[in-house]
Amino acid sequence: MQQILPYIINGISVGGQYALIAIGYTLVYGILRLINFAHGDVFMVAGLVMVYATTALPFYVALPLVLAATVLLGFTIERVAYKPLRTAPRMSVMISAIGVSYLIQNLAFYITGGVPQPVTRPIPWISENVIILGASTKRVTLVTPILTILLVVVLVYLINHTKIGMAMRAAAKDFETAQLMGIKINAVISMTFVIGSFLAAVGSMLYFTNYPSVAITSGGMPGLKAFVAAVFGGIGSIPGAVVGAFIIGLCEELIKGAGYTTFSDAFTFAILIVVLCVKPTGLFGEKVTDKV
Amino acid sequence: MTMTKKKTIFTAAVLAVLLAACVVVDMLLPSYHIAVVVIKKATVYSLVAVSMNLLNGFTGLFSLGQAGFMLLGAYAYAVLTIPVDKRPGVYQYFDGGALKFSLPEIFTGFMGDTVGSTVGMLLALLVGGVLAALMAYLIGLPVLRLKSDYLAIATLGFAEILRAFFQWNALGPITNGSNLLKSYPTFSHATPYVILAGLMIAIIVLLINSTYGRAFKAIRDDEVAAEAMGINLAKHKRMAFIISSFFAGIGGGMMAMYMGTIAAAPFKSTLTYEILLIVVIGGIGSITGSVIASFLYIFSSEWLLRGLDSGTFLGINAPGIFKNGFRMAVFSVIIMVIVLFFRKGIMGDKELPDLLDKKARKRKKEAAGK
C-alpha cells in the first residue's frame, strides 16, 4: 500500500487536470460535433504564457493574464477557423482543426526557438512540498481534485440553471431548431469555447506546476488523453468527462507504477478502442441514431 | 483523334518528360545535392499522400493511422536489410539482434552484387507493405465499424500504440528498442525512387479506375445509397483500408531508405497531420494533386524557403525575423488560408489528363455565349 499510494495520489491529481481539459472537448463536441484537435495546443499555449508572464510580472497580475489570454485564443480560433466552415462537411472542419493545431505548434516553435521553456517561478504555495500518509508530494496534487470538483459544480449549475446554459443545452440537442427558436447560435458557440479555454488554462497552470518545463509538444498527449476521457465518459456529458478523466489518470499512473512507462500512453488508446467498440456512447452518453 | 486517345498521349508525354528530367538531374548532380534530396523526399511523400488520399479522398474514410503503417514498413525494411556483419554494431545493446540474416546478402549469393541486392531491397519493401496490410486487416476488424471522427481518433490511437510497441525494450532484439537502426543499404540516386513510387501510384490509379474504385467513390458520396445499390460496405471499406496501408507501408520503407537511419520517434501523429495537409493542399480526391502538392511542399520547405530560417530571404537580411521556425510558421499560415478559402486545393478532384478538358470547356462556353 505504501508503495502504490503515491501513484494513486498522483493519478487523482493528473485525472483532475485531464478533467479540466476534457470538459472543453466534450462541450464543443456536444454542440458542433467537432473534435477540436487544437484544444491540446491551447492548453500548451496557456502553459507558455504562464512561464512568460510569471517571470515578468507579479502573480496577481500574471495568473489572470494567463486566463484572459487563453480565453481570447480559444475565442479567436473559433471565430477565424471554425465559424466560416459552419455549413461545410464535417471533414473540412476537422481538417481545419488539425491545421490550427499545426499552426499553433509552429508559431510556438518560432517564438520559443524550439527550446522547452523552463518553469522558473512556479506558483507559490501550491508548488510547496507536503507529506501525506508518509508520501512526499507537491501541494498541487491535493489542490487539483478539489478545485476540479468545485469548477465542475459551478459549470453544471451554469448549464442547468442559467439562460446561456439553457441555450447551450438546446444547441447541443438540435442545432437548427435552436437557431429557429431565436437562440444566437454564434454567441452560444463562442461561449462554449470561452468556457473550454478557461478550464484548460486552469488545468494548464496546475499541470505545469508539476513539470520543470513547457515544450511545444507538451499539449498533444494530455489533449488526446483528455479527449479519450471525454469519449470514455460519453461525449457530450460533463460528469462523464470528469469520471472518465479520473479513471484514465489513475490507470495511467498505476501502469507507470507497475514499471511499464512505455505503455502508459498506449493503454489510454487501448481503452479508447475498447470503449468505442463495446459501448460507443461511453459511460453516460446518450444514444444517437443516424437518419437517412 | 479522339479525346481519350489525346489524353493518354498527353499523360504519357508529361510523365516521360518528368522521368527524363529526373534521369538528367541524377547524371549531372552528385547524390548529396539538394535537388536530388528534394526529389527523393518528395517522391516518398507523394506515394504516402496518394495512399492516404485513396482512403480519405476516394473512400471517404477519415483515417489518421498513416504514420503507424509507415512505421511498420520502415522497420521491416531496415531490420531485414542491415548487413550481417554490421548487426553487432547496430544492436550493440541487444547482443547483435535476433535476426542473423539480411535479405540483400542472401540474394547477392546467387544473383550477383547489383541485381541481388536490389532484389533483396525490393523484397524487404514488399514485406513491409504486406506487414502493414496485415496489421490493417487486424485493426480494421474493430475500427472500420466506426463513423467519421471516431474512426479518425481510433486509427490515431492505433498508430500511437504501435509506436509504443516498437520502442518497447522487450522487442529490442528485433526493433533495437528506442535506439536508431542504421547501416542498411539505400539507393543513392533519385531515379529508383521515382520509378518505384511511380509504379505504385500507377497501380493505385488503375485500382481507382476499376469497378472497385467506383465502389469506393460510391461509398464516399453516399453510404446508404451505395449499400442500396448492392455494394458490400464492410468488404469494400476493409479493402480500401488494407490497400491504403499496404502502400503506406511501402512508402514507410522508402522513407527509411531516404533518411538513412530510423527510429520510432519521427513517426508521430504530426507526420500524419503533415501528410493529411499535403493531401488537402493538392485537393482531396485527386492523385495528381497529391503528387504536385508533395513536390511543392517539399521543394519549398527544403529548398525555396530555407532562407526564412537562416536570416536572408529574397535578398532581405533580417536575422531578427528570419530565424529558426519562421519557415514553418509561414507555411502553416498558407495551409490555413488554403483550408479556409480554397477548400478544393490545387487540383480539386481533377487529374492530369483532365487539364486538356479545360480549353475544350472554355471554347464550349464561348460558343454558348454567342
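Residues numbered from 1 in each chain as written. Chains lettered and ligands numbered in written order. Predicted model: local features only at pLDDT ≥ 70, side-chain atom pairs only at ≥ 80, totals over all residues.

Enquirer: Help me understand the overall build of chain B, please; the structure alone is not making it clear to me.
Expert: In terms of helices and strands, chain B carries 17 helices and two strands. Since a compact globule built from 370 residues should have a radius of gyration of about 21 Å, the 22 Å found for chain B is in line with a globular shape. Structurally, chain B occupies a C-alpha span of about 80 × 60 × 45 Å along its principal axes. Counting over 370 residues, chain B shows a buried share of 45%. Contacts in chain B between residues at least 24 apart in sequence constitute 76% of all its contacts with a sequence separation of at least 6. (Helix = DSSP H or I, 4+ residues; strand = E, 2+ residues; numbered from the N terminus. Rg over C-alpha atoms; globule rule 2.2 N^0.38 Å. Buried ≥ 20, exposed ≤ 12 C-beta atoms within 10 Å, placed from the backbone. Contact = placed C-beta atoms within 7 Å.)

Enquirer: Please clarify how the overall build of chain A should be interpreted in this entry.
Expert: Of the regular secondary structure elements, chain A holds 11 helices and four strands. By the compact-globule yardstick of 19 Å for 292 residues, chain A fits well, its C-alpha radius of gyration being 19 Å. If one aligns the C-alpha atoms of chain A with their principal axes, the spans along those axes are about 60 × 45 × 35 Å. Within chain A, buried positions represent 50% of all 292 residues. Long-range contacts, defined as pairs at least 24 residues apart, comprise 76% of the intrachain contacts of chain A with a sequence gap of at least 6.

Enquirer: Sorry, what's going on with the interface of chain A and chain B here?
Expert: Quite often, the size of an interface is put as the accessible area lost when its parts meet. Taken together, the 33 residues of chain A in the interface contact 33 residues of chain B. Looking at side-chain class alone, the side of chain A that touches chain B contains 24 nonpolar, seven polar and two charged residues. (Nonpolar A, V, L, I, M, F, W, Y, C, P; charged D, E, K, R; others polar.)

Enquirer: I would appreciate a short explanation of the pairing of strand β3 (residues 135-138) of chain A in the present structure.
Expert: The side chains of a regular strand alternate, residue by residue, between the two faces of the sheet. Residues and elements named next belong to chain A. Bridging between strand β2 (residues 129-132) and β3 involves four bridges; their strand directions are antiparallel. Its bridge partner being in β3, V130 is matched across the sheet by T137. What sits between the antiparallel neighbours β2 and β3 is a turn of two residues, in which L133 has the positive phi angle 50°. (Pairing = 2+ DSSP bridges.)

Enquirer: Please clarify how unusual backbone geometry should be interpreted in this entry.
Expert: What is expected of a backbone is that most residues other than glycine have negative phi and most peptide bonds are trans. Even without being a glycine, R33 of chain A presents a positive backbone phi close to 55°. In this structure, N176 of chain B takes a positive phi of about 65° despite not being glycine. Looking at the secondary structure, you find N176 of chain B in the loop between α8 (172-175) and α9 (191-208). The exposure class of N176 of chain B is buried, given the 27 C-beta atoms found within 10 Å.

Enquirer: What exactly am I supposed to notice about the packing of helix α10 (residues 238-257) of chain A against helix α11 (residues 263-278) of chain A here?
Expert: Each pair of packed helices can be described by the angle between their axes along with the distance between the axes. Residues and elements named next belong to chain A. Running from amino to carboxyl end, α10 crosses α11 at an angle of 140°, the nearest separation of the two axes being 9 Å. Our pair here, α10 against α11, has a crossing hand that is right-handed. In contact with I248, C251, E252, I255 and K256 of α10, α11 contributes F263, S264, F267, T268 and I271. For the contact of α10 with α11, the residue count by class is six nonpolar, two polar and two charged. (Axes fitted to C-alpha atoms, helices over the stretch in contact; angles between N-to-C directions. Left-handed = near helix turned anticlockwise from the far one by under 90°.)

Enquirer: What is the right way to read the nonpolar core from this model?
Expert: Burial of nonpolar side chains together is a common tendency in soluble globular proteins. With 202 residues, the main nonpolar core has A22 of chain A together with M254 of chain B as its most contacted residues. When sequence neighbours within four positions are dropped, the list of residues in contact with A22 of chain A reads A226, A229, A230, A241, G244 and A245 of chain A. (Core = buried A, V, L, I, M, F, W, Y, C linked by C-beta atoms within 7 Å.)

Enquirer: Would you take a moment to explain the environment of A226 of chain A for this structure?
Expert: Relative to the helices and strands, A226 of chain A resides in helix α9 (residues 220-233). Setting aside its immediate chain neighbours within four residues, A226 of chain A contacts Y18, I21, A22, Y25 and A245 of chain A.

Enquirer: Mind showing me how you'd approach the environment of G68 of chain B here?
Expert: Residues and elements named next belong to chain B. With respect to the secondary-structure elements, G68 resides in helix α3 (residues 66-81). Residues G68 and T155 lie 87 residues apart in sequence; the distance between their C-alpha atoms is 8.7 Å. With residues near it in sequence (within four places) discarded, G68 still touches F158, A159, L162 and R163.

Enquirer: I would appreciate a short explanation of the packing of helix α4 (residues 90-112) of chain A against helix α13 (residues 269-282) of chain B in the present structure.
Expert: Contact geometry for α4 of chain A and α13 of chain B: axes closest at 10 Å, N-to-C directions at 125°. With respect to their mutual orientation, α4 of chain A and α13 of chain B come out oblique. Between α4 of chain A and α13 of chain B the crossing geometry is left-handed. Residues I95, I98, G99 and Y102 of chain A of α4 of chain A pack against Y273, L276, L277 and V280 of chain B of α13 of chain B. (Parallel < 35°, antiparallel > 145°, perpendicular 65-115°, else oblique.)

Enquirer: Sorry, what's going on with α10 of chain A here?
Expert: Because an α-helix packs 3.6 residues into every turn, residues spaced three or four apart end up facing the same way. End to end, α10 of chain A covers 29 Å across 20 residues, agreeing with the expected 28 Å (1.5 Å per residue, within 8%). Just downstream of α10 of chain A lies G259 of chain A, where phi reads positive at about 95°. (Expected span 1.5 Å × (residues − 1).)

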